[in-house]
Amino acid sequence: MSSQARNNSAAPVANIKHVHHHMPPRHNPLPSPWDYDTANTIEARKYTRTYGLTPPGVDTFEKQLQRCLAQLAARKTPIEKYQYLSVLRNTNVHLFYRLLAGNVKEICPLIYTPTVGEACQRWSELYTQPEGLYLSFEDRGHLHQVIQNWPHDVEITVVTDGSRILGLGDLGINGMGIPVGKLSLYTACAGIHPMKTLPLCLDLGTSNKEFREDPLYLGSRRDKVTAEEEKEFLDEMMAALTERWPSIVIQYEDFKNPFPSLERYQNTYTMFNDDIQGTGAVILGGFINAVKQSGVAPKDQRAVFLGAGSAGVGVAKQLTEFFMKEGLSEEDAKKRFWLVDSQGLVAHDRGKLADHKLYFARDDNDGQQYRSLEEVVEYVKPTILMGLSTIGGAFTPKILQRMAEMNDRPVIFPLSNPSSKSECTFEEAIKYTNGKCLFASGSPFPTLTHDGKDLTPGQGNNVYVFPGIGLGAILSKSVSVTQGMIYASGAALSDSLLPSETAENWLYPDINRIRDVSVVVTKHVIRAAQKDGVDRELQLRGVRDEELEVYVRQRMYDPFTEHEKVEEEVRGLAGLVGRGETNGVAGKGVEVPVGVANGGHVVGKER
Ligand SMILES: NC(=O)C1=CN([C@@H]2O[C@H](COP(=O)(O)OP(=O)(O)OC[C@H]3O[C@@H](n4cnc5c(N)ncnc54)[C@H](O)[C@@H]3O)[C@@H](O)[C@H]2O)C=CC1
Ligand SMILES: CC(=O)C(=O)O
Ligand SMILES: [Mg+2]
């Protein structure tokens, strides 16, 4: 054993950590995954030093997609398809996003809910490649140094501690699949450059005993840290992230109790919580359309929520604001909501309630406690049923039938993810309401035929707004993400339906149009940031709406044109060579004999 190793093995743990954290960063000599595109021209390959590292033929985009789709089809299970897509993203990133761009509806469920749920449950079992940054509780005091290890500039991060992954419970560091998946959608939907995104997973221990005892589990085996310890850790993390990247947008995701961090950081950092705020906005968007279609005035709406957690309370708060904008007083607006949790109707006289439930707690239940959803439905006679409870099948046939008896167009939104946790399926909702319901679910369900008519379910998922909230915050360089920006994202979404979609009674736009929808959301978020005076990109203030749209689109990453940047560099270099100005340095590329470079390859043109 070398004296170095002996010293380290004898040193206290803290010292090892200290030494490790101060190691100078090693430069990664390999080209980036975006350089390995088989559509790159020979010249580009030489320039990026990948010549010879990909097969000699130069692909067209069409041929690449054909190959990818065939490989995807050859994988039998969703998780196999997820694994294939992960490898593609990590080795040929532009191709991954080109594939996604033309197949959003088919691929979204494979990289996001529901498949990402299984990917998280099995993250440690299936792990093959790094895809983000892990910060451990043991790293506290040194987070700044660990963050230095991330090799790129970052515009946005999605951070989770894995403690409430979809409706699947505490999955610890296996939750990394969620930041990875959400950031893929930031890139696909809002064109945030893939290199500028940071998937971030915190290892703050896990309450999941099964994982702690699983030999393959890749996180620490400690129980979840205390709320106070978590707070101190997050304080350090927020400061360290913002110190390294002063304009970073920080999205919190899938924390078990995210209210304290939102409260603590929302005015001091550019941060938002997607489960509380993004979900609130996206349901607001679909709900505004549902109210129009149901014909029931806001003052006559009665909403029963199964689930009074981050998403339930977040959604109820956004809808309250909508009712107030529609003319109701705050008190009247708030009274349109009855929240139900695992103990039954949330009421003041039920006993001690968590802080976040107090706002909507009822005080008009005359001492009566309603324990089951069925009882609450009979008591309230709701026009709206929202599910954010993580309880699959909680909207029973009987409850759905009662909703149809009580309403012409009952609003049924089973929003829990993944599909296995959905409070009902689309098929059940249509069957038991006899096709009358206005429906949206958190995870996608297939189109079905009822009474000879094709019915397409809406997907009430925050994916319709978080990309635009993030891009709007980045482009406006907002110092914080205000409630005005969140509300604007939902209102913009409700306005983004095409007449043909409205004619079909859709509540949400076609997911294949998500990139255009995200542009609209982004524009409104930027305007709201300006209105609230939190924007730092002041030159955008005087820009007309049409120009703003052009600006947003120009700033978006486009996987179909990225290669042009390299080719431009190559052309620029060729120009210099022609004028004899390179002093013999041929770019980044290797010199290869002309005969090889031009050797019978077809350069793809059909882009
Ligand atoms: N569609 C979307 O865009 C989104 C969907 N969600 C989904 O919403 C669900 C809840 O998320 P969070 O609110 O963040 O979780 P949470 O853990 O904060 O809240 C869950 C709530 O459900 C209640 N609950 C649990 N068991 C119950 C039972 N048997 N009966 C009645 N209520 C019960 C709990 O008491 C709690 O109030 C998850 O499945 C998540 O995937 C969350 C965010 C966005
Ligand atoms: C969609 C989402 O954010 C969730 O289910 O937690
Ligand atoms: Mg979430």
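Residues numbered from 1 in each chain as written. Chains lettered and ligands numbered in written order. Predicted model: local features only at pLDDT ≥ 70, side-chain atom pairs only at ≥ 80, totals over all residues. Heavy atoms only, no water.

- In the nomenclature of an unreviewed UniProt entry, the protein chain corresponds to Malic enzyme from the organism Extremus antarcticus.
- Quoted verbatim from the Sequence similarities (unreviewed entry) heading of the UniProt record, the comment on the protein chain is "Belongs to the malic enzymes family." (UniProt positions renumbered as here; feature names shortened; annotations may be inferred.)

**Concerning the overall build of the protein chain**
Here is step 1 of the chain: Across its full length, the protein chain carries 28 helices and 14 strands.
Here is step 2 of the chain: A buried classification covers 55% of the 607 residues belonging to the protein chain.
Here is step 3 of the chain: Once local pairs closer than 6 in sequence are excluded, the contacts in the protein chain between residues at least 24 apart make up 71%.
Here is step 4 of the chain: Roughly 26400 Å² of accessible area belongs to the protein chain as shown, and the carbon and sulfur atoms make up 53% of that amount. (Helix = DSSP H or I, 4+ residues; strand = E, 2+ residues; numbered from the N terminus. Buried < 20%, exposed > 50% of the residue type's maximum accessible area, 1.4 Å probe, protein only. Contact = heavy atoms within 4.5 Å. Areas by Shrake-Rupley, 256 points an atom, 1.4 Å probe, with all protein chains shown as cover.)

**Examining the UniProt feature "active site" (unreviewed entry) in the protein chain**
Here is step 1 of the chain: Sequence positions flagged by UniProt for "active site" (unreviewed entry) are, in local numbering, Tyr112 and Lys182. These annotated residues cover 71 residues of sequence, but their C-alpha atoms sit close together, with the largest distance between any two at 7.2 Å. Looking only at the residues we just named, the second largest pocket is lined by Tyr112 and Lys182.
Here is step 2 of the chain: On the secondary structure map, Tyr112 appears in the loop between helix H7 (104-111) and helix H8 (115-121).
Here is step 3 of the chain: Leave out the neighbours within four places in its chain, and Tyr112 touches Lys182, Leu185, Asn461, Asn462, Val463 and Phe466.
Here is step 4 of the chain: A polar atom in the side chain of Tyr112 sits 3.2 Å from the side chain of Lys182.
Here is step 5 of the chain: In this structure, Lys182 sits in helix H11 (residues 177-190). (1 Å grid on protein atoms, 1.4 Å probe; cavity = no way out; pocket = protein on both sides within 12 Å on 5 of 7 lines; lining within 4 Å. Polar contact = N/O pair within 3.5 Å; in protein donor to acceptor, adjacent residues only side chain to side chain.)

**What to know about the state of the cysteines**
Here is step 1 of the chain: Applying the stated rule across the entire model yields zero disulfides.
Here is step 2 of the chain: Here Cys108 stays unpaired: no disulfide links it, and the sulfur of Cys189, its closest cysteine neighbor, is 6.0 Å away.
Here is step 3 of the chain: Take Cys108: its relative accessible area is 9%, and that puts it in the buried class.
Here is step 4 of the chain: Between Cys424, a free cysteine, and Cys437, which holds the nearest cysteine sulfur, the sulfur-to-sulfur gap is 7.5 Å.
Here is step 5 of the chain: With a relative accessible area of 1%, Cys424 lands in the buried category. (Disulfide = S-S within 2.5 Å.)

**Focus: the packing of aromatic side chains**
Here is step 1 of the chain: Throughout the structure, instances matching the rule amount to 20 aromatic pairs.
Here is step 2 of the chain: Here the aromatic rings of Tyr252 and Tyr265 are separated by 6.3 Å at their centres, their planes lie at 35°, and the arrangement is tilted. Placement of the pair is Tyr252 in strand S4 (residues 249-252) and Tyr265 in helix H14 (residues 259-265), with a sequence separation of 13 residues.
Here is step 3 of the chain: Tyr252 sits in the buried class, given a relative accessible area of 0%.
Here is step 4 of the chain: With a relative accessible area of 3%, Tyr265 lands in the buried category.
Here is step 5 of the chain: Over the ring of Phe96 we find Arg89; its NZ or CZ atom is 5.1 Å from the centre of that ring.
Here is step 6 of the chain: The ring of Tyr487 is capped by Lys325, whose NZ or CZ atom sits 4.5 Å from the centre of that ring. (Phe/Tyr/Trp six-rings, centres within 6.5 Å; stacked < 30°, edge-to-face > 60°. Lys NZ or Arg CZ within 6 Å of the ring centre and 35° of its normal.)

**Things to note about the UniProt feature "binding site: a divalent metal cation" (unreviewed entry) in the protein chain**
Here is step 1 of the chain: Following the UniProt record, one finds the feature "binding site: a divalent metal cation" (unreviewed entry) at Glu253, Asp254 and Asp275. Judged by maximum C-alpha separation, these annotated positions cover 23 residues in sequence but sit close together in space, the widest gap being only 6.8 Å. Here, the second largest pocket is lined by Glu253, Asp254 and Asp275 out of the annotated residues.
Here is step 2 of the chain: With respect to the helices and strands, Glu253 occurs in the loop between S4 and H14.
Here is step 3 of the chain: Look past the residues within four positions of Glu253 in its chain and what remains in contact with it is Val158, Val159, Thr160, Ile178, Lys182, Asp274 and Asp275.
Here is step 4 of the chain: Topologically, Asp275 is positioned in helix H15 (residues 274-294).

**Quick word on empty space enclosed by the protein**
A water-sized probe rolled over the atoms picks out the places where empty space is left.
Here is step 1 of the chain: This structure, assessed with the given rule, holds one cavity of 30 Å³ or more.
Here is step 2 of the chain: Here the largest cavity defines a volume of roughly 40 Å³.
Here is step 3 of the chain: Taken together, Tyr97, Ala101, Thr187, Ala188, Arg515, Tyr557 and Pro559 make up the full set of residues lining the largest cavity.
Here is step 4 of the chain: Those elements that place two or more of their residues in the lining of the largest cavity are helix H6 (93-102) and H11. (Points joined across faces, edges and corners; volume = space filled by probe spheres on them.)

**A word on the coordination of the magnesium ion (ligand 3)**
Here is step 1 of the chain: Around the magnesium ion (ligand 3), the protein supplies Glu253 (OE), Asp254 (OD) and Asp275 (OD) as donor atoms, at distances of 2.0 to 2.1 Å.
Here is step 2 of the chain: Mapping the donors of the magnesium ion (ligand 3) onto the primary sequence gives the spacing E-D-x20-D. Separated by 22 residues along the polypeptide, Glu253 in the loop between S4 and H14 and Asp275 in helix H15 bring together distant segments of the chain. Neither Glu253 nor Asp275 differs from the other in exposure class; each is buried. (Donors = N, O, S within 2.8 Å, 3.2 Å for Na, K, Ca; no water.)

**A few points about the nonpolar core**
Here is step 1 of the chain: In terms of nonpolar packing, the biggest core is built from 128 residues, with Leu135, Leu202, Met237, Tyr252, Phe305 and Met386 touching the most fellow members.
Here is step 2 of the chain: Residue contributions to this core peak at nine residues, all from H15.
Here is step 3 of the chain: Sequence-distant contacts of Met386, defined by excluding residues within four places in its chain, comprise Ile283, Phe287, Val304, Phe305, Leu306, Val315, Leu319, Phe395, Phe413 and Leu415.
Here is step 4 of the chain: Ranked by size, the runner-up nonpolar core spans 26 residues in total, among them Tyr370, Ala394, Phe395 and Leu455. (Core = buried A, V, L, I, M, F, W, Y, C linked by side-chain atoms within 4.5 Å.)

**Brief notes about the packing of helix H4 (residues 61-74) against helix H5 (residues 78-91)**
Here is step 1 of the chain: Contact pair H4 / H5: the axes reach a minimum separation of 8 Å and the direction vectors enclose 150°. The chirality of how H4 crosses H5 is right-handed. For the pair H4 and H5, contact is made by Cys68, Gln71, Leu72 and Ala73 and by Lys81, Tyr84, Leu85 and Leu88, respectively.
Here is step 2 of the chain: Split into classes, the residues belonging to the contact of H4 with H5 amount to six nonpolar, one polar and one charged. (Axes fitted to C-alpha atoms, helices over the stretch in contact; angles between N-to-C directions. Left-handed = near helix turned anticlockwise from the far one by under 90°. Nonpolar A, V, L, I, M, F, W, Y, C, P; charged D, E, K, R; others polar.)

**Things to note about the site of ligand 2**
Here is step 1 of the chain: Close to ligand 2 lie Tyr112, Arg164, Leu166, Lys182, Glu253, Asp254, Asp275, Asn417, Asn461 and Asn462.
Here is step 2 of the chain: Residue Asn417 places a side-chain N or O atom 2.7 Å away from an oxygen atom belonging to ligand 2.
Here is step 3 of the chain: Within the side chain of Asn462, an N or O atom sits 3.0 Å from an oxygen atom of ligand 2.
Here is step 4 of the chain: Surface burial for ligand 2 is 90%, taken as the share of its 220 Å² of free accessible area covered by protein chains.
Here is step 5 of the chain: Most atoms of ligand 2, that is more than half of them, are within 2 Å of grid points of the second largest pocket.
Here is step 6 of the chain: Across the shell around ligand 2, the residue classes break down as two nonpolar, three polar and five charged. (Near = heavy atom within 4 Å. Sits in = over half its atoms within 2 Å of the grid points.)

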